[in-house]
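Summary of the model geometry
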Amino acid sequence: MLRFKVLASVVPVLAAAVFARAEIGSVSHPCIALGETSVELTSLFWTAGVHVAFTDDPARATVRVQIIDDAGAADFAVVDDGLGSEPDSCQANPATRLVSIAAQPVDGGQVIYLSSEGPVDYRIYVRSKTFSQREAAALIVGARGGQRPLQAASL
């Protein structure tokens, strides 16, 4: 009977560990590389060092991100459906910064207002099969913590 109790208590913990390891090690999350550091979105809230949230109210925003139609005028452009993508640029390493998108603002976290008009802190261009506009905005804000300027990033 004692063996059954131990087994019953260990199985959920093992299942959670396997799920968490698969989630953390997954390469399907949007990611960008900034020099030696990579910034990756994660759905595991507790593993993220940076939390961002979105708002529809510009007065509540700490960072304003504009979606634009001209890649040349963008501070950050995501175009990953061509031949020029860099598949090895976002390998997990100790310097990887994990970013999560929270449903509500987290203490000290950035709150993003995503719009098509200014004034703005960042201008982004997104043409992607794998990144949404929200994910691209979360990555760019999470990469710099809302501080400008961003030097260079790659997919």
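In this report, we go over the structure that sits alongside the text. A quick note: this is a predicted structure, and the numbers were derived from the prediction, not measured. (Residues numbered from 1 in each chain as written. Predicted model: local features only at pLDDT ≥ 70, side-chain atom pairs only at ≥ 80, totals over all residues. Heavy atoms only, no water.)

1. Things to note about the sheet that holds strand β4 (residues 63-67)
Pairing between the strands of a sheet comes from backbone hydrogen bonds, and it takes one of two forms, parallel or antiparallel. For clarity, the threshold we go by: For two strands to be treated as a pair, DSSP must find no fewer than two bridges joining them. A run of H or I in DSSP counts as a helix once it spans at least four residues, and a run of E counts as a strand once it spans at least two, with each numbered from the N terminus. Inter-axis angles, ranging from 0 to 180 degrees, are taken between N-to-C directions of lines fitted to C-alpha atoms, where helices are fitted over the stretch in contact.
Ordered by their spatial adjacency, eight strands build an open sheet running β1-β2-β6-β3-β7-β4-β8-β5, and the pairing between neighbours is mixed. In this open sheet, the two edge strands, each paired with only one partner strand, are β1 (31-34) and β5 (76-79). Each strand of the sheet is rotated relative to its neighbour by a mean of 25°, with strand direction disregarded. Both strand β2 (residues 37-41) and strand β6 (residues 97-102) contribute to a ladder of three bridges, which runs parallel. Within the sheet, the bridge partner assigned to Leu-41 lies in β6 and is Val-99.

2. Examining the pairing of β1
Put simply, the test is: Only protein chains enter the area calculation, which uses a 1.4 Å probe; residues under 20% of their type maximum are buried, those over 50% are exposed, and those in between are partly exposed.
Here β1 shows a buried face lined by Cys-31 and Ala-33 and a second buried face lined by Ile-32 and Leu-34. Sheet topology places β1 next to β2; four bridges connect them, and they run antiparallel. The residue of β2 that forms the bridge with Ala-33 is Ser-38. From the end of β1 to the start of β2, which pair antiparallel, there are two residues, and Gly-35 there has a positive phi angle of about 65°.

3. Quick word on the side chain of Ser-115
Worth spelling out the cut-off: The term polar contact refers here to a pair of N or O atoms within 3.5 Å; inside protein, the definition further demands a hydrogen-donor-capable atom paired with an acceptor-capable atom, and it admits residues adjacent in sequence only when both atoms are side-chain atoms. Any pair of residues with heavy atoms lying within 4.5 Å of one another is described as a contacting pair.
Considering the arrangement of structural elements, one finds Ser-115 in strand β7 (residues 110-115). A distance of 2.8 Å separates a polar side-chain atom of Ser-115 from the backbone oxygen of Glu-117. Contact partners of Ser-115, with chain neighbours within four places excluded, come to Val-65, Gln-66 and Ile-67.

4. As for the environment of Ala-102
Within the element layout of this structure, Ala-102 appears in strand β6. Owing to a relative accessible area of 9%, Ala-102 belongs among the buried residues under this scheme. In this structure the C-alpha to C-alpha distance between Ala-102 and Ala-53, which are 49 residues apart in sequence, comes to 5.0 Å. With residues near it in sequence (within four places) discarded, Ala-102 still touches Phe-45, Val-52 and Ala-53.

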